[in-house]
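# Fold and contact review
Chain residues, written in single-letter form:
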Amino acid sequence: MERTYVMIKPDGVQRNLVGEIISRFEKKGLKIVALKMLQISRELADRHYGEHKGKPFFEPLVQYITSGPVVAMVLEGKDAVTTVRDMMGPTNPLKAAPGTIRGTFGMDIGRNVVHGSDAPESAAREIALFFAPEEIIEYNKNVDTWLY
Ligand code: RTP
Ligand code: MG
C-alpha cells in the first residue's frame, strides 16, 4: 500500500474546509494513518518547498504557507500519490475541473487550499519532514475488505 503526504493549507483552515477535505479523502477509501495541526516555521517551509527556491513565487509561497496553521496528514491506499493529486486537481484552481478540491474551492494559484506529494519519492521525503515514525499509526479497518 502506498503512502502520501497531504496538507490542508492555511487558507483551507481559515475557510473552514478542514472537515470537508478530510471527508473527501476518507470517503474515497484512503486511510488516515497520521494527522495533526501545526504552524509551519520559515525553516520548515524552506525545506518543504526547497525545489522552488529561486523561483519568483518562492517568497510569496513561504509567506502563504507560514501565515497560519495547517492540517498535516499521511494517507494510505492503492496509488495514494496519484489518487490524491487527481482528487486535488492541477496547481491553478481556475484550470482545475469543477469536481476536484481545487476546482471546487479555489480561485487563485497562490491560495490553492491543499497540498499533496507529487511522487512516491517526494512523499517519503515529506512524510519524514513532518512526522516522526511513532506518529504514523499502523492499524486495520474492517472496511478495507470491502474496498479491495
Ligand atoms: P503543492 O506542492 O503546494 O502541492 O502544489 P503543486 O505541486 O500543485 O505545485 P508546485 O509546482 O509544487 O508549486 C508549489 C506551490 O507554489 C505556488 N505556485 N505559484 N506561477 C505561480 O505563481 C506559482 N506556481 C506555483 C502554488 O501555491 C503551488 O501550490
Ligand atoms: Mg508540489
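Residues numbered from 1 in each chain as written. Chains lettered and ligands numbered in written order. Predicted model: local features only at pLDDT ≥ 70, side-chain atom pairs only at ≥ 80, totals over all residues. Heavy atoms only, no water.

### Digging into the UniProt feature "active site" (unreviewed entry) in the protein chain
Here is the rule: UniProt positions are given in the numbering used here, feature names are shortened, and annotations may be inferred rather than shown by experiment. Helix numbers and strand numbers start at the N terminus; a helix is a DSSP run of H or I with at least 4 residues, a strand a run of E with at least 2.
The feature "active site" (unreviewed entry), as given by UniProt, occupies H115 in the numbering adopted here. On the secondary structure map, H115 appears in strand 4 (residues 114-116).

### A word on the nonpolar core
Just so we agree on the cut-off: The definition of a nonpolar core used throughout is a set of buried Ala, Val, Leu, Ile, Met, Phe, Trp, Tyr and Cys residues joined through side-chain atoms within 4.5 Å. Only protein chains enter the accessibility calculation, which uses a 1.4 Å probe. A residue is then buried if its area is under 20% of the maximum for its type, exposed if over 50%, and partly exposed in between. Two residues form a contact once any of their heavy atoms are found within 4.5 Å.
Y5, M7, L38, I40, F130 and F131 are the most contacted members of the largest nonpolar core, which totals 22 residues. Among the elements that make up this core, the one with the highest residue count is helix 4 (residues 58-65) (five residues). With near-sequence residues (within four places) excluded, M7 lies in contact with I40, H48, I65, V70, V71, A72, V113, V114, H115 and F130. Listed in part, the 20 residues of the second largest apolar core include L17, L30, I101 and V113.

### Overview of the sheet that holds strand 2 (residues 31-38)
As a reminder, the rule being used: Should DSSP find at least two bridges between two strands, the strands are regarded as paired. Here an axis means a line fitted to C-alpha atoms, over the contact stretch when the element is a helix, while the angle between two N-to-C directions is reported on a 0 to 180 degree scale.
The four strands are arranged 2-3-1-4 in an open sheet whose pairing can be described as antiparallel. Since the sheet does not close on itself, it has two edges, and those belong to strand 2 and strand 4, each with one partner. For this sheet, the mean inter-axis angle between neighbouring strands, taken without regard to orientation, is 15°. In this structure, strand 2 lies alongside strand 3 (residues 70-77), joined through seven bridges in antiparallel fashion. The partner of M37 across the bridge, within strand 3, is V71. Lying over the sheet, helix 5 (residues 80-88) contacts strand 1 (2-8), strand 3 and strand 4, oriented at roughly 30° with respect to strand 1.

### Overview of helix 7 (residues 120-130)
To keep things clear, this is the line we draw: This arc is built from the directions going out from the helix axis to the C-beta atoms.
Residues S122, A123, E126, I127, L129 and F130 constitute the buried set of helix 7. Buried residues in helix 7, looked at end-on, bunch into an arc of 160°, giving them a common side. Turned more than 90 degrees away from the buried face of helix 7 sit E121 and A128, all of them exposed. Buried residues along helix 7 sit in contact with strand 1, strand 2, helix 3 (42-48), strand 3, helix 5 and strand 4.

### Side note on the packing of aromatic side chains
Basically, it comes down to this: Each pair of aromatic rings taken from Phe, Tyr and Trp, with Trp reduced to its six-membered ring, is defined by centres within 6.5 Å and is described as stacked if the planes are under 30 degrees apart, edge-to-face if over 60, and tilted in the remaining cases. Consider the ring centre and the ring normal. A charge sits over the ring if Lys NZ or Arg CZ is within 6 Å of that centre and within 35 degrees of that normal.
This structure, assessed with the given rule, holds two aromatic pairs. Look at Y5 and F130: their rings are 4.5 Å apart centre to centre, the planes differ by 15°, and that puts the pair in the stacked class. Placement of Y5 in strand 1 and of F130 in helix 7 is noted, with a sequence separation of 125 residues between them. F130 matches Y5 in its accessibility class, with the two residues each being buried. Geometrically, the ring pair formed by Y5 and F131 is edge-to-face, given 6.4 Å between the ring centres and 65° between the ring planes. In this pair, Y5 is assigned in strand 1 and F131 in the loop between helix 7 and helix 8 (144-147), connecting sequence segments 126 residues apart. Comparing Y5 with F131, the two get one shared label, buried. One aromatic cluster is present, formed by Y5, F130 and F131 through successive ring pairs. In this structure, K31 is placed above the aromatic ring of Y139, and the distance from its NZ or CZ to the ring centre is 5.0 Å. Looking at K36, its charged tip hangs above the ring of F131, at a distance of 4.6 Å from the centre.

### Focus: the UniProt feature "domain: Nucleoside diphosphate kinase-like" (unreviewed entry) in the protein chain
The UniProt feature table records "domain: Nucleoside diphosphate kinase-like" (unreviewed entry) at residues 1-138. Between the C-alpha atoms that bound residues 1-138 the distance is 12 Å, and the span itself is 41% helix and 19% strand.

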